[in-house]
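One-letter residues, chain by chain:
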Amino acid sequence: MVSVKLKDGSERQFPEGTTLLQATESISKKLAKESLAARFNGSLTDLNRPLHEDGVLELLGFEEQSGQDVYRHSSSHIMAQAVKRLWPDTQLAIGPAIDKGFYYDFDSTHTFTPEDFAAIEAEMNNIIKADYPIIRKEMPREEAIRFFKERGEDYKVELIEDLPEDALISLYQQGEFVDLCAGPHVPSTGKIKAIKLMSLAGAYWRGSEANAMLQRIYATSFPKKAQLDDYLYKLEEAKKRDHRKLGRELGLFVIVDEGPGFPLFLPKGMIIRNELENFWRQEHALAGYQEIRTPIILSEELWHRSGHWDHYKENMYFTKIDEGDYAVKPMSCPGGLLAYKQSLHSYKELPLRMGEMGLVHRHELSGVLHGLMRVRAFTQDDAHIFMLPEQIIDEIKGVINLIDRFYGLFGFPYHVELSTKPEKSMGSDEVWEVATNALEQALQEKGMSYKINPGDGAFYGPKIDFHLRDSLDRTWQCGTIQLDFQMPERFDLTYIGEDGERHRPVMIHRVIYGSIERFIGIITEHFAGAFPAWLSPVQVRILPITDRHHDYAVQVLSRLKAAGLRAEADLRSEKTGYKIREGQLQKIPYLLVVGDKEIEAGSVSVRHRKDGDLGSQGVEEFIQAIKQEIEEKVIR
RNA sequence: GCCGAUGUGGCUCAGUGGCAGAGCAAUUGAUUCGUAAUCAAUAGGUCGGCGGUUCGAAUCCGCCCAUCGGCUCCA
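Please read these numbers as outputs of a predicted model, since none were measured by experiment.

Asker: Explain the protein's contact with RNA strand B here, please?
Answerer: Taken together, 58 residues sit near RNA strand B, with Tyr204, Asp257, Arg374, Arg581 and Ser605 positioned nearest. For RNA strand B, the fraction of atoms within 4 Å of the protein that belong to sugar or phosphate moieties is 48%. Between RNA strand B and Arg248, the relevant distance is 3.0 Å, taken from a phosphate oxygen to a side-chain nitrogen or oxygen of the residue. The greatest single-element share of the surface near RNA strand B, amounting to seven residues, is contributed by helix H18 (residues 576–585). Taken together, the residues of the surface near RNA strand B sort by class into 19 nonpolar, 18 polar and 21 charged.

Written out as structure tokens, the structure is:
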């Protein structure tokens, strides 16, 4: 007999060889039905595993992340089995669970199309209905290689060959289908209920451009049909918030065929942009920054000096002026360094914080362009801080505070990643270590938790990246703080120290919005186009009920404008319901309905886009309320 | 850049070899209306571009461009 201790503290005896599933069934049929896998003595395992030793058992359902991963991973095997049945010459690559589903990469002479989805799903449902037990098998490395060679699964052979010499290889079998897999898996194919194939994509074998392009099928699965439907509904909702769609509908910005990757901002989009920049300038002045502007085109020689030529050339645009070679800037730092060098600096001036709304151009691969999120020309809210080595930690902490203030204002939660020295970089390992440690120390002193991204730093220094999470739970990299010992060296920056000698300053590159364009894309989706009043292109629209109310509407309008509000009046002879509908669709924060009653009382009838009809208010009363909402940058 | 899909009026889309369509938007007229769509009329497209097949191409073929979903890369 073996003894199994459960999570609730109870302990039970089972005959040796009883599987975890059988054991669970004897405890509770319901629990057994809901369990997908288990953690036994701390390690993930199949429910089909027989008991040979005492231990602590934790059952994993779909609610647990690891249970969900197992569920999706088993789903991917079912999809692979279905594909193999339909197109037997298909070779299997890998098929992991991902965030909201799973995928499988195939190499097949058949080119998959969305029309194949129904057939694959039908075959998957056959496999599910057959309820094949999913059986784990183990074999030595050599035998496993032979096994997959015989079956013509070259990718699997390559995977095994990369495993250690003495590795014990595990395989999982369901019906006629066998796959190399570490597991664990659900006990049988019948556990999987609601499946849906989502999309097709090309994907390089092992993620490298040098390798073959495989065909990837993305899919998802849930234990209940209702959960799948809910997921699909949310996806539809997310599509409605797509900034590309909202940008066009609300007249904010557009990307035309004539300018791929070069967004065009319309008047209403410019209002949002200008408000963001105004706020930025105000906050940066408070935080002790000065502002500069450096040229978009600078001599090619400068880019040799900065290291961009060696490390960033493929992303740059070049041009010729008269006989000289010039480059369009992909970053603002070299210009910032030139600005620093225009005068002699004393240690007393440092830290010197110089901000720049820098328009940069980068040649991005055509396939990566995506609305405002990924463009070829964008404005970085850049700043370069020149400082003494002993000021590093405080300056980094200052930037972190500033970033926190900005993101908090929009209601964005965020997480932080620390990126270390990449392969293609300048400077010695020692300098990189000093810089990386400084960033780490600042984060620790701020008590911030962070993830480390090895090899992801800029070519001149390590960085802290701020990834913000939007209302749809997606994350976007925006802010970054980069510590740089290289550029000051390359540009021979100096300051005069207390000792009267020249010394080398240290430099921080940092952005908060990241790129104004991307940030506008993110907030458009985050607010679903319903921007807080301070950012709304139109803050108030007045809706007179009939033509005889026009005079009053125009009077109210001029009072709103005099109060500095962005207001307009809808003087078309349409029904009130129609005007309201249009105002709502334009996501205008406040609609003011005015008719006989309002003229009589000298009031406006206030309708908020989210809260609906708020009843009647005096004009002055309304003006004060909305001005306060704007001033405090309330999200409503 | 690579894989796949898509491209028809301002927007959303129908039209699979035989006279380019609908709804919304726009314009004009009527309507004077109280919290999410009043009615009618009018106008608007060399069907992404170039070439080919055909008596005839939005439709079939080729190349190019752009977009979408991914991969790789990134603010």
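Following the structure, the description resumes.
Asker: Sorry if this is basic, but what is going on with the sheet that holds strand S9 (residues 135–140) here?
Answerer: Sheet strands line up and pair through hydrogen bonds in the backbone, either parallel or antiparallel. Here we have three strands laid out as an open sheet, ordered S9-S10-S11, and antiparallel in their pairing. Edge positions in the open sheet fall to S9 and strand S11 (177–180), since each of these has one partner strand only. Taken over all neighbouring pairs, the strand axes of this sheet differ in orientation by 30° on average, direction set aside.

Asker: Would you take a moment to explain helix H9 (residues 267–286) for this structure?
Answerer: An α-helix turns once per 3.6 residues; consequently, residues spaced three or four apart project the same way. Helix length check: H9 (20 residues) gives 29 Å between terminal C-alpha atoms against 28 Å at 1.5 Å per residue, within 8%. If you check which residues of H9 are buried, you get Gly269, Ile272, Arg273, Glu275, Leu276, Glu277, Phe279, Trp280, Glu283 and His284. Among the residues trailing H9, Gly288 stands out with phi positive, at a value near 85°.

Asker: Quick question: what am I supposed to make of the pattern of salt bridges here?
Answerer: Once their charged atoms are close, side chains differing in charge can pair, the charge on each being opposite to the other. The full count for this structure, using the stated rule, is 44 salt bridges. For Arg281, the salt bridge identified is with Glu277, shortest N-O distance 3.4 Å. In this pair, Arg281 and Glu277 both sit in helix H9, four residues apart, roughly one turn of the helix. Of the residues examined, Arg281 reaches a relative accessible area of 30% and is grouped as partly exposed. You can call Glu277 buried: its relative accessible area is 12%. Note that Glu283 is salt-bridged to Arg405, the shortest N-O span being 2.9 Å. Note that Glu283 is positioned in helix H9 and Arg405 in helix H13 (residues 392–410), a separation of 122 residues in sequence. On the basis of relative accessibility, which here comes to 41%, the residue Arg405 falls in the partly exposed class. One salt-bridge network, in which partners are shared between bridges, spans Arg273, Glu277, Arg281, Glu291 and Glu517.

Asker: I'm lost on the side chain of Thr24 in this one. Help?
Answerer: Here Thr24 lies in helix H1 (residues 20–27). Overall, Thr24 belongs to the buried group, its relative accessible area being 1%. At 2.6 Å, the side chain of Thr24 forms a polar contact with the backbone oxygen of Leu20. Apart from the residues within four sequence positions on either side, Thr24 is in contact with Leu31, Ala32, Ser35, Leu57 and Leu59.

Asker: Looking at this structure, I do not really get the layout of surface pockets. What am I missing?
Answerer: Summary: where empty space remains is shown by rolling a probe the size of a single water molecule over the atoms. A volume near 1100 Å³ is recorded for the largest pocket. Along the walls of the largest pocket sit 38 residues, with Tyr312, Met331, Arg362, Gln380 and Lys463 positioned nearest its centre. If you list the elements that add at least two residues to the lining of the largest pocket, you get helix H11 (308–312), strand S21 (377–387), strand S25 (475–484) and strand S28 (506–515). It is S28 that provides the largest number of residues to the lining of the largest pocket, a total of six residues.

Asker: Is there a simple way to think about the sheet that holds strand S5 (residues 55–60) in this case?
Answerer: Read from one edge of the open sheet, five strands run S2-S1-S5-S3-S4, paired in mixed fashion. Bordering the open sheet on either side are strand S2 (11–14) and strand S4 (43–45), each of which pairs with just one other strand. Averaged over all pairs of adjacent strands, the angle between strand axes in this sheet comes to 35°, irrespective of strand direction. Of the pairings in the sheet, the one linking strand S1 (residues 2–6) to S2 comprises four bridges and is antiparallel in character. Along S2, the bridge assignment pairs Val4 with Arg12.

Rules of the game
Residues numbered from 1 in each chain as written. Chains lettered and ligands numbered in written order. Predicted model: local features only at pLDDT ≥ 70, side-chain atom pairs only at ≥ 80, totals over all residues. Heavy atoms only, no water. Near = heavy atom within 4 Å. Polar contact = N/O pair within 3.5 Å; in protein donor to acceptor, adjacent residues only side chain to side chain. Helix = DSSP H or I, 4+ residues; strand = E, 2+ residues; numbered from the N terminus. Nonpolar A, V, L, I, M, F, W, Y, C, P; charged D, E, K, R; others polar. Pairing = 2+ DSSP bridges. Axes fitted to C-alpha atoms, helices over the stretch in contact; angles between N-to-C directions. Expected span 1.5 Å × (residues − 1). Buried < 20%, exposed > 50% of the residue type's maximum accessible area, 1.4 Å probe, protein only. Salt bridge = Lys/Arg side-chain N within 4 Å of Asp/Glu carboxyl O. Contact = heavy atoms within 4.5 Å. 1 Å grid on protein atoms, 1.4 Å probe; cavity = no way out; pocket = protein on both sides within 12 Å on 5 of 7 lines; lining within 4 Å. Points joined across faces, edges and corners; volume = space filled by probe spheres on them.

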